[in-house]
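If you want the building blocks of each chain, they are given just below.
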Amino acid sequence: TKCESGCVCADGLYENLDGRCVPAEECPCEYGGLAYGRGEQIQTECDICTCTKGKWKCVQKTRCSSTCNLYGEGHITTFDGQRFVFDGNCEYILATDGCSVNRPVSSFKIVTENVICGKSGVTCSRSISIYLGNLTIILRDETFAISGENPGVRYKVKKNALHLMFDIIIPGKYNMTLIWNKHMNFFIKISRETQETICGLCGNYNGNMKDDFETRSKYVASNELEFVNSWKENPLCGDVYFVVDPCSKNPYRKAWAEKTCSVINSHVFSACHNKVNRMPYYEACVRDSCGCDIGGDCQCMCDAIAVYAMACLEKGVCIDWRTPEFCPVYCEYYN
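It should be emphasised that the depicted structure is a prediction, and the values quoted were computed from it without experimental measurement.

Undergrad: Would you mind going over the sheet that holds strand β8 (residues 65-71) with me for this structure?
TA: The strands making up a sheet are joined through hydrogen bonds of the backbone, oriented either antiparallel or parallel. Read from one edge to the other, the open sheet built from seven strands follows the order β10-β9-β8-β19-β18-β17-β16, with strand pairing classed as antiparallel. Because the sheet does not close on itself, it has two edges, and the strands there are β10 (83-85) and β16 (154-159). Strand-to-strand twist across the sheet, computed as the mean angle between neighbouring axes with direction ignored, equals 15°. In this sheet, strand β18 (residues 174-180) lies alongside strand β17 (residues 164-170) in antiparallel orientation, the contact comprising seven bridges. By the bridge assignment, I168 is partnered in β18 with M176.

Here it is as structure tokens:
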């Protein structure tokens, strides 16, 4: 309706992010704030996407996996991406199958045992139990113990300076990789070959985060504490009624926590900032650093930062953030 001064691209050409006019075939695609050129690919856990004429064309992978994270003082990210925090001094079922009414037989169950680790009442995941029929793997005190056997399950244990890793195959059902940093962080990565339902604190793994708070009684809880209480392994444990804010209980630690955790927001992690939202990880780091007030405070802080570094690695960005002065990794005794 009116003329405006300025430049436009000629018919059939489009402005790209550099301000040049290009044909549609050369239009870039955007993902996480980054531009990708024609033919470039990105991979998520379930899809391979190719940039075509400015739009992503995605093909689903034949084998799709998803990861549930339990880290620090009760932070959980479910298989479908829902986040919540809980403080509970009990054993809780993280993930199990056989949740449907029609097929109530379970082939695996993963249980976390929480213990108090700070004066403010926050808890840390200290012990993980993995039940595979008659085969049991217990992770505790920076080591593991295996008892019983199950010829229907194949497993392999791998170690490095930071982690214990377990590759577990239940033929025809699941491929699982379990990663434990020997302290508070535990990751469950599952790809399944069956439509078997999964349940527990890690959610129901159906692609919809809105119904992840499904209780043991098969209804969606109105809040995360009701959901958490329903997955107690021992019904005699007390219920959780509120979530502690350690920084309000320990205000003298807050400034230190914010300062040390700020490495997540700094240039050190800048390559990852537009691929993984850093704020939930920064807030979790501050909370945990305030809460570990009876020893191990640096361990809590370093573990929280390591979770963000691992999320970056999942997106293909490797951050070299540890130094001899900041969260160092010590060599083994004879190395």
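Undergrad: Hey, could you run me through unusual backbone geometry in this one?
TA: Backbone phi values are negative for most residues with the exception of glycine, while trans is the configuration of most peptide bonds. Phi at K53 takes a positive value of approximately 50°, unusual for a residue other than glycine. In this structure, K53 sits in the loop between β6 (47-52) and β7 (55-60). At E142, a position not held by glycine, the phi torsion is positive, near 65°. Within the secondary structure, E142 is located in the loop between β14 (135-140) and β15 (143-147).

Undergrad: Even after reading the chapter, I still don't get the pattern of salt bridges, so can you show me in this structure?
TA: Within this structure, the stated rule accounts for six salt bridges. Close ionic contact of R140 with E113 constitutes a salt bridge, the shortest N to O distance being 3.5 Å. Separated by 27 residues along the polypeptide, R140 in strand β14 and E113 in strand β12 (residues 109-116) bring together distant segments of the chain. E113 gets classed as partly exposed once you look at its relative accessible area, which sits at 27%. Among the salt bridges present, the one from D167 reaches K158, with a minimum N-O distance of 2.9 Å.

Undergrad: What is the right way to read the domain arrangement of the chain from this model?
TA: Many authors give the size of an interface as the accessible area that is lost as the parts come together. The domain architecture assigned to the chain consists of domain 1 (13-60), domain 2 (65-230) and domain 3 (246-315). Look at where the C-alpha atoms of domain 1 and domain 2 centre, and you get two points 36 Å apart.

Undergrad: Help me out: how do you make sense of the packing of helix α3 (residues 251-261) against helix α4 (residues 279-291) in this one?
TA: A packed helix pair is summarised by two numbers, namely the angle formed by the two axes and the spacing between the axes. Running from N to C, α3 and α4 cross one another at 140°; their axes reach a closest spacing of 8 Å. By the angle class used here, α3 and α4 are oblique. Crossing hand, α3 versus α4: right-handed. Residues R253, K254, W256, A257, E258 and C261 of α3 touch α4, and the partners they reach there are Y282, C285, V286, S289 and C290.

Undergrad: Hey, could you run me through the environment of S191 in this one?
TA: By the element assignment, S191 lies in strand β19 (residues 186-192). Sequence separation between S191 and Y174 is 17 residues, and the spatial gap between their C-alpha atoms is 5.9 Å. In this view, S191 contacts R63, C64, S65, K173, Y174 and N175; residues no more than four positions away in its chain are not counted.

Undergrad: Help me understand α4 in this model?
TA: In an α-helix, one turn spans 3.6 residues; hence positions three or four apart end up facing the same way. Taking 1.5 Å as the rise per residue, α4 with 13 residues should run 18 Å; its terminal C-alpha atoms sit 18 Å apart, in good agreement. Counting buried positions along α4 gives 10 out of 13 residues, so the element sits mostly inside the fold. Turning to α4, its buried residues number three or more, namely Y281, Y282, A284, C285, V286, R287, D288, S289, C290 and G291.

Undergrad: It is not clear to me how the sheet that holds strand β5 (residues 41-43) should be interpreted in this structure. Could you clarify?
TA: Read across the open sheet, the three strands follow the order β5-β6-β7; overall the sheet is antiparallel. Whereas interior strands pair on both sides, the edge strands pair on one side only; in this sheet they are β5 and β7. The average angle at which neighbouring strand axes cross in this sheet is 25°, direction not considered. Where β6 lies against β7, six bridges are found, and the strand directions are antiparallel. Across the sheet, C49 pairs through a bridge with C58, a residue of β7.

Undergrad: Just to check I follow, could you spell out the state of the cysteines for this structure?
TA: By definition, a disulfide links two cysteine residues through a covalent bond between their sulfur atoms. Taken as a whole and judged by the stated rule, the model has 10 disulfides. Across the disulfide, C302 is cross-linked to C327 (sulfur-sulfur distance 2.0 Å). Handedness of the C302-C327 disulfide follows from its S-S torsion of about -85°: it is left-handed. Pair noted here: C302 is in helix α5 (residues 297-314) and C327 is in the segment after α5, with a separation of 25 residues, a long-range link. Here C302 and C327 have matching classes, each one buried. For the unlinked cysteine C27, the closest cysteine sulfur is that of C51, found at 8.4 Å. For C27, a relative accessible area of 13% gives the class buried.

Cut-offs used in this document
- Residues numbered from 1 in each chain as written.
- Predicted model: local features only at pLDDT ≥ 70, side-chain atom pairs only at ≥ 80, totals over all residues.
- Heavy atoms only, no water.
- Pairing = 2+ DSSP bridges.
- Helix = DSSP H or I, 4+ residues; strand = E, 2+ residues; numbered from the N terminus.
- Axes fitted to C-alpha atoms, helices over the stretch in contact; angles between N-to-C directions.
- Salt bridge = Lys/Arg side-chain N within 4 Å of Asp/Glu carboxyl O.
- Buried < 20%, exposed > 50% of the residue type's maximum accessible area, 1.4 Å probe, protein only.
- Domains from an automatic or database assignment.
- Parallel < 35°, antiparallel > 145°, perpendicular 65-115°, else oblique.
- Left-handed = near helix turned anticlockwise from the far one by under 90°.
- Contact = heavy atoms within 4.5 Å.
- Expected span 1.5 Å × (residues − 1).
- Disulfide = S-S within 2.5 Å.

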